[in-house]
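These are the residues of each chain, in order.
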Amino acid sequence: AAQGAGDGDGAGRALPPHSPSGAVLQTVEMHTGGEPLRIIPRLEAAEQAAAAGLSLLSLRREVAARQDHVRRALMHEPRGHAGMYGAVVVRGGAAADGAHLAVLFLHCAGYSAMCGHAVMALGRFALDYGLVPAPTRPESAVRLRCPCGPVTAFVPWDGHRSGNPVRFHSVPAFAAATDLAIDVPGHGSVLVDIGYGGTFYAFLNAELLGLDVCSSKTRDLVSAASAVTEAVKKQFKLHHPESEDLAFLYGTILTDGKDAFSEEPTTNICVFADEQVDRSPTGSGVTARIALQYHKGLIQLDQTRTFRSSTTGSLFTGKAVKATKFGNYNAVIVEVSGEAFYTGTATFTVEEEDPLKHGFFFK
């Protein structure tokens, strides 16, 4: 109902005044390592499209074409901000093949193929909101279908409530290129690695750009990482073994260069999409970086590394748990672990006469 049975002074109003034709969007709010996740538990238009038999990648295109106002309304200001991230939970047709749910990932510039911090949060959400019919103790598997493929989260479960840490097993991750010479305007030729962890990232030591990932200003790190991303897009063609829809560079991750195995954490910052900065160590980025380290012989199977975010100091761990093949690539399945927490719930409304009803992007 748009209005409660109040006494006329507004105290009993369930929702503020809004347009009958405007969407009422309910969300569950979480974060993983400081990176927000705004979960949309149900989007009727997406589920109707999924029921028509669309693949998840096709559904992503359909939602982008016909429902993008939902993404903009919830990711952009005034309801969101330049660092907001979201997920649309899809049940039914798109969650076939034994998955408990399918998911579309949203950010301020569009739609991603994979998001590790979101998978960890969604693992908890799926258990606490009853999407897993018979969860097991002390840990329950939550099977998700992501645009990049099937991913499984493993979530502590005490019979009543989910817990932490949450871990997940990735799609096959691989090194797409190593020591690739890229001409970056303002920085000259630098060597970068390209890794895939559900989506593609460029990796390089921030020192190659005259920066320190731990002490340089975030603005300088973001500008340099964005320059690398644009240069790689122009100078290197990506290939994905299964779908060219997935053959795009999502962003650049600047590191402290500590790639060889160590018990000490290694620090990085991920700049993705339209200069969006991940507050966490980046789950799909950790996946891709582990794949690169394994490819270079710097780590072995089941050697756990700790990754620190330069923005919040939050930690993820990662390890390669299984060698496999993915198309022509030698690949690994990577396990990433972190902590996800609830921050609340929200109900967002729309007034049709609001000129900024679908949000605006300011950075």
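Residues numbered from 1 in each chain as written. Predicted model: local features only at pLDDT ≥ 70, side-chain atom pairs only at ≥ 80, totals over all residues. Heavy atoms only, no water.

**Brief notes about the layout of surface pockets**
Then comes step 1: Taken as a whole, the largest pocket spans an internal volume of roughly 220 Å³.
Then comes step 2: Lining the largest pocket are 16 residues, and of these Asp193, Leu204, Asn205, Asp259 and Lys296 sit closest to its centre.
Then comes step 3: Put simply, the parts of the chain that give the lining of the largest pocket at least two residues each are β10 (188-196), β11 (200-205) and α6 (283-295).
Then comes step 4: For the lining of the largest pocket, the class distribution of residues is seven nonpolar, four polar and five charged. (1 Å grid on protein atoms, 1.4 Å probe; cavity = no way out; pocket = protein on both sides within 12 Å on 5 of 7 lines; lining within 4 Å. Points joined across faces, edges and corners; volume = space filled by probe spheres on them. Helix = DSSP H or I, 4+ residues; strand = E, 2+ residues; numbered from the N terminus. Nonpolar A, V, L, I, M, F, W, Y, C, P; charged D, E, K, R; others polar.)

**Some remarks on unusual backbone geometry**
Then comes step 1: In this structure, the amide linkage connecting Glu77 to the following residue, Pro78, adopts the cis form with an omega of 5°.
Then comes step 2: With respect to the helices, strands and loops of the structure, Pro78 is situated in the loop between α3 (68-75) and β3 (85-90).
Then comes step 3: At the junction of Arg137 and Pro138, the peptide bond is cis and its omega measures out at 5° in the coordinates.
Then comes step 4: Positive phi, close to 50°, is recorded for Asp179, a residue that is not glycine.
Then comes step 5: Assignment of secondary structure puts Asp179 in strand β9 (residues 173-184).

**Quick look at the domain arrangement of the protein chain**
Then comes step 1: Partitioning the protein chain into domains gives domain 1 (23-165 + 342-348) and domain 2 (171-338).
Then comes step 2: A straight line from the C-alpha centre of domain 1 to that of domain 2 covers 24 Å.
Then comes step 3: Between domain 1 and domain 2, the contact holds 27 residues from the first and 26 residues from the second.
Then comes step 4: When the two sides are added together, the surface that domain 1 and domain 2 hide from each other amounts to roughly 1,800 Å², 58% of it contributed by carbon and sulfur.
Then comes step 5: Considering only the surface of domain 1 that becomes buried against domain 2, Glu35, Met120 and Cys148 emerge as the three largest contributors, covering 25% of it.
Then comes step 6: Our count for the contact surface shared by domain 1 and domain 2 stands at one salt bridge.
Then comes step 7: Here Arg61 and Asp245 are joined by a salt bridge, their closest N and O atoms 2.2 Å apart.
Then comes step 8: The tally of links between domain 1 and domain 2 comes to eight residue pairs in polar contact (both at pLDDT 80 or more).
Then comes step 9: Here the side of domain 1 that touches domain 2 is built from residues that sort into 14 nonpolar, ten polar and three charged. (Domains from an automatic or database assignment. Contact = heavy atoms within 4.5 Å. Buried area = accessible area lost by both parts, 1.4 Å probe. Salt bridge = Lys/Arg side-chain N within 4 Å of Asp/Glu carboxyl O. Polar contact = N/O pair within 3.5 Å; in protein donor to acceptor, adjacent residues only side chain to side chain.)

**Description of the side chain of Ser170**
Then comes step 1: One can find Ser170 in the loop between β8 (166-169) and β9.
Then comes step 2: With a relative accessible area of 5%, Ser170 lands in the buried category.
Then comes step 3: Dropping the residues within four chain positions of it, Ser170 is found in contact with Thr287, Val332, Ile333 and Val334. (Buried < 20%, exposed > 50% of the residue type's maximum accessible area, 1.4 Å probe, protein only.)

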